[in-house]
Amino acid sequence: MTDTTLIQTIRAASRLMVRELGFMQTTLAATNYSASAVHTLLEVANHHAITAAQLVHILGLEKSTVSRMLGKLINAGELAELPSDQDARVKQLVLTEQGKASVARINAYASAQVEQALVQLNREQQQAVAQGLSAYAQALQARRDHLPTTPEIVITTGYQPGLIGRIAEMHGSYYARQHGFGHFFEGKVASGLAEFTGRLTSPRNQIWVASQQGRIVGSVAIDGEDLGNNEAHLRWFILDDGCRGAGVGRQLLSAAMTFCDQQAFAAVQLWTFRGLDAARRLYESFGFTLTNEWQGDQWGQSLQEQQFTRLAGASAGADNDVRLGRRRP
């Protein structure tokens, strides 16, 4: 069940947005038109040509309400009706030249509103707002249309532009918030990842990237060269807050472990620290076992560090006799 505090927070934010964006007024976006009329003009512009029936579904309004509104916009010179190319009996709505000018003014006004608000947020907050609002809006629409609520997450391999910065950002933000890590840790992630991407041409190295609507939301890498002894190093396993608990981490680890098995590594090693219980359960479900633990400071502060090992063919909970040693991630 959803946290009631979270529900109240979203409701309060929604009410504030409605007021600040001007939806409490009888007109919207510095026009003489109602909110529904403004949305109609924008949807006609986005579709280039659209029917009244399509607008009824998109706007979620009654057919009679849409019909009256369209009549007013046509009489005002904003819209025109043309016969459909496929069926002359069907009327399509298009913008007139006056309508195009009105839409241009609406877009300029609305874009300025957004820009003026975003300049008060840092880059990370801006991206979080864009991703969160998009996901929430799609969930609301899916509830009405009885559609899946989560945008598709696509997993790909290899380097892509922005990968190093985005993965370092996810690590830096999450571990600063949850464990108080600072610039030392984020810089360590970025420098290590930059070095590793230069070795992706090796068939023993690979990185998997989860993306949602074109934005990186997760990653994991297998470095098959830095440990030697035919052992693989699992590195940079991270998820964006918005996709935690959705099975993305399991998909990423499954792809990485399949790769390790195909490469016939004798073992896969990973280094972490005590307290990451959800991640530990996931690692153990793939056959990793805790093989070493010590007090260390390789992440920039003193922690109870841990090493987990997965032997070739190991199952979860197995009692593995492995070579122990400390290694930086």
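Residues numbered from 1 in each chain as written. Predicted model: local features only at pLDDT ≥ 70, side-chain atom pairs only at ≥ 80, totals over all residues. Heavy atoms only, no water.

1. Comments concerning a nonpolar patch on the surface
To keep it simple, the criterion reads: Patch members must show over 30% relative accessible area and no salt bridge, and they are joined within 9 Å when carrying like charges or within 5 Å when they are nonpolar side chains of Val, Leu, Ile, Met, Phe, Trp or Tyr. Accessible areas in this description were obtained via Shrake-Rupley with a 1.4 Å probe; residue shielding takes into account the shown protein chains only. Any Lys or Arg side-chain nitrogen located within 4 Å of an Asp or Glu carboxyl oxygen qualifies as a salt bridge. Elements are defined by DSSP. Helices are runs of H or I of four residues or more, strands are runs of E of two residues or more, and each kind is numbered from the N terminus. Partly exposed residues are those whose accessible area sits between 20% and 50% of the maximum for their type, while under 20% is buried and over 50% is exposed, using a 1.4 Å probe and protein chains only.
Taken together, the side chains of Met17, Val18, Leu21, Phe23, Met24, Val129 and Leu133 present a nonpolar region at the surface, about 570 Å² in accessible area. Listing elements by their share of the nonpolar patch, those giving two or more residues are α1 (4-20) and α6 (123-145). The residue Met24 is located in the loop between α1 and α2 (35-47) in this model. Judged by its relative accessible area of 60%, Met24 falls in the exposed class.

2. Quick notes on the environment of Gly172
As a reminder, the rule being used: Any two residues having at least one pair of non-hydrogen atoms within 4.5 Å are treated as being in contact.
With respect to the element layout, Gly172 can be found in helix α7 (residues 163-179). Taking the C-alpha atoms as reference, Gly172 lies 9.4 Å from Phe184; in sequence the two are 12 residues apart. With near-sequence residues (within four places) excluded, Gly172 lies in contact with Phe185 and Glu186.

3. A few points about the pattern of salt bridges
If you walk through the whole model with that rule in mind, you get 12 salt bridges. Here Asp223 and Arg235 are joined by a salt bridge, their closest N and O atoms 2.9 Å apart. Separated by 12 residues along the polypeptide, Asp223 in strand β5 (residues 215-223) and Arg235 in strand β6 (residues 231-239) bring together distant segments of the chain. As far as burial versus exposure is concerned, Asp223 and Arg235 are alike and both buried. Residues joined by salt bridges that share partners form a network here, namely Glu195, Arg199, Asp223, Glu225, Asp226 and Arg235.

4. Side note on the side chain of Thr31
We count it as follows: In protein, a polar contact means a hydrogen-donor-capable atom and an acceptor-capable atom, both N or O and within 3.5 Å, with residues adjacent in sequence counting only if both atoms are side-chain atoms; elsewhere, any N or O pair within 3.5 Å suffices.
Relative to the assigned elements, Thr31 resides in the loop between α1 and α2. Taking relative accessible area as the criterion, Thr31 reaches 16% and is therefore assigned buried. At a separation of 2.7 Å, a polar atom in the side chain of Thr31 contacts the main-chain carbonyl oxygen of Leu28. Setting aside anything within four residues of it in sequence, one finds Thr31 in contact with Val38 and Ile106.

5. Quick notes on the nonpolar core
The cut-off we apply is this: Take the buried Ala, Val, Leu, Ile, Met, Phe, Trp, Tyr and Cys residues and link them wherever side-chain atoms come within 4.5 Å; each set so joined is a nonpolar core.
Among the nonpolar cores identified, the biggest contains 26 residues, and Ile222, Leu234, Met257 and Phe288 are the most heavily contacted of them. Taken together, the elements giving at least two residues each to this core come down to β4 (206-212), β5, β6, α9 (248-262), β7 (267-273) and α10 (277-285). Among the elements that take part in this core, α9 stands out by supplying seven residues, more than any other. Ranked by size, the runner-up nonpolar core spans 21 residues in total, among them Phe185, Val209, Trp236 and Leu303.

6. Looking at the packing of aromatic side chains
Definition in use: Aromatic rings from Phe, Tyr and Trp, with only the six-membered ring used for Trp, were paired whenever their centres fell within 6.5 Å, and each pair was classed as stacked if the ring planes differed by under 30 degrees, edge-to-face if by over 60, and tilted otherwise.
Counting across every chain of the model gives 11 aromatic pairs. For the ring pair Tyr174 and Tyr175, a centre distance of 5.0 Å and an interplane angle of 90 degrees mean the geometry is edge-to-face. Here the two residues Tyr174 and Tyr175 agree in accessibility, since each one is buried. When the ring of Phe181 is compared with that of Phe185, the centres are 4.9 Å apart and the planes differ by 65 degrees; the resulting orientation is edge-to-face. Neither residue differs from the other here; Phe181 and Phe185 are each classed as buried. Pairwise contacts between aromatic rings join Tyr174, Tyr175, Phe181, Phe185 and Phe273 into one cluster.

Shape descriptors only; they carry no functional weight alone.
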